[in-house]
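Structural overview
Each chain is listed here by its residues.
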Amino acid sequence: MTALEKIIDDFSFLDDWEDRYRYVIELGKALPDLPEDKRTLENKVQGCASQVWLVTQASGDPENPILIFEGDSDAHIVRGLVAIVLATYSGKPASEIAALDALDVFGKIGLVEHLSSQRANGLRSMIKRIREEARLRAAA
């Protein structure tokens, strides 16, 4: 079972929105801290109300590299959203990432409708950045 499959499975057992919210925060707490030297302006995601950083590493086939993502946020709930986004995308080939919309995953687990418009916009910004980077690397 992949990390994402486990998250989706765990969400299926949580009926109450408060329990889901707590679970998202727990996912964020489990996310490794991003080292200070990676918390740069270049790694900062624009369009997020909270501070969010994303770092990408590529390996393997230069035509369609495997992308590994690291991320962090200064807000607990957003950090949990980062964890779900990373579970969705990290470790996949660039072409697959470019074609995959994590908003579908968030819709499946019933999260999107419970996010404030600011958080939903920030989530979209994170996803857009990851997918654009994957498209560029797959086309390189």
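Here the structure is shown first, and the text comes after it.
All of these numbers come straight from a predicted model, not from anything done at the bench. (Residues numbered from 1 in each chain as written. Predicted model: local features only at pLDDT ≥ 70, side-chain atom pairs only at ≥ 80, totals over all residues. Heavy atoms only, no water.)

**Notes on the overall build of the protein chain**
The helix and strand inventory of the protein chain stands at 6 helices and 3 strands. Seen in sequence order, the protein chain has helices and strands lined up from the N terminus as α-α-β-β-α-β-α-α-α. Whereas a compact globule of 140 residues would reach a radius of gyration of roughly 14 Å, the protein chain reaches 14 Å, a difference of no more than 12%. Viewed in the frame of its principal axes, the protein chain has a C-alpha envelope of about 45 × 30 × 25 Å. Residue burial in the protein chain is summarised as follows: out of 140 residues, 44% are buried. When contacts within the protein chain are restricted to residue pairs at least 6 apart in sequence, those whose partners lie at least 24 apart make up 61%. Between the mean site of the 17 positive side-chain charges and the mean site of the 23 negative ones, the protein chain shows a separation of 3 Å. (Helix = DSSP H or I, 4+ residues; strand = E, 2+ residues; numbered from the N terminus. Rg over C-alpha atoms; globule rule 2.2 N^0.38 Å. Buried < 20%, exposed > 50% of the residue type's maximum accessible area, 1.4 Å probe, protein only. Contact = heavy atoms within 4.5 Å. Lys, Arg positive; Asp, Glu negative; His and termini not counted. Charge placed at Lys NZ, Arg CZ, Asp CG, Glu CD.)

**Let's talk about the pattern of salt bridges**
Per the stated rule, a full pass over the model turns up 11 salt bridges. Note that Arg79 and Asp33 form a salt bridge whose closest N and O atoms lie 3.0 Å from each other. Here Arg79 is found in helix α3 (residues 76-89), whereas its partner Asp33 is found in the loop between α2 (17-30) and β1 (52-59), with 46 residues between them in sequence. Classification of Arg79 as buried rests on a relative accessible area of 9%. The network of salt bridges with shared partners includes Asp33, Glu36, Arg39, Asp72 and Arg79. (Salt bridge = Lys/Arg side-chain N within 4 Å of Asp/Glu carboxyl O.)

**Re the environment of Gln51**
Of note, Gln51 is situated in the loop between α2 and β1. For Gln51 and Arg39, which are 12 residues apart along the polypeptide, the C-alpha to C-alpha distance reads 9.5 Å. Leave out the neighbours within four places in its chain, and Gln51 touches Lys44, Asp72, Ser73 and Asp74.

**Section: the nonpolar core**
Counting residues in hydrophobic clusters, the biggest one holds 40 residues, and the most contacted among them are Phe11, Ile84, Val85, Tyr89, Phe106, Leu111 and Met126. Secondary-structure elements contributing two or more residues to this core are α1 (3-12), α2, β1, β2 (66-73), α3, α4 (94-99), α5 (102-108) and α6 (117-139). If you tally residues by element for this core, the top one is α3, at 10 residues. (Core = buried A, V, L, I, M, F, W, Y, C linked by side-chain atoms within 4.5 Å.)

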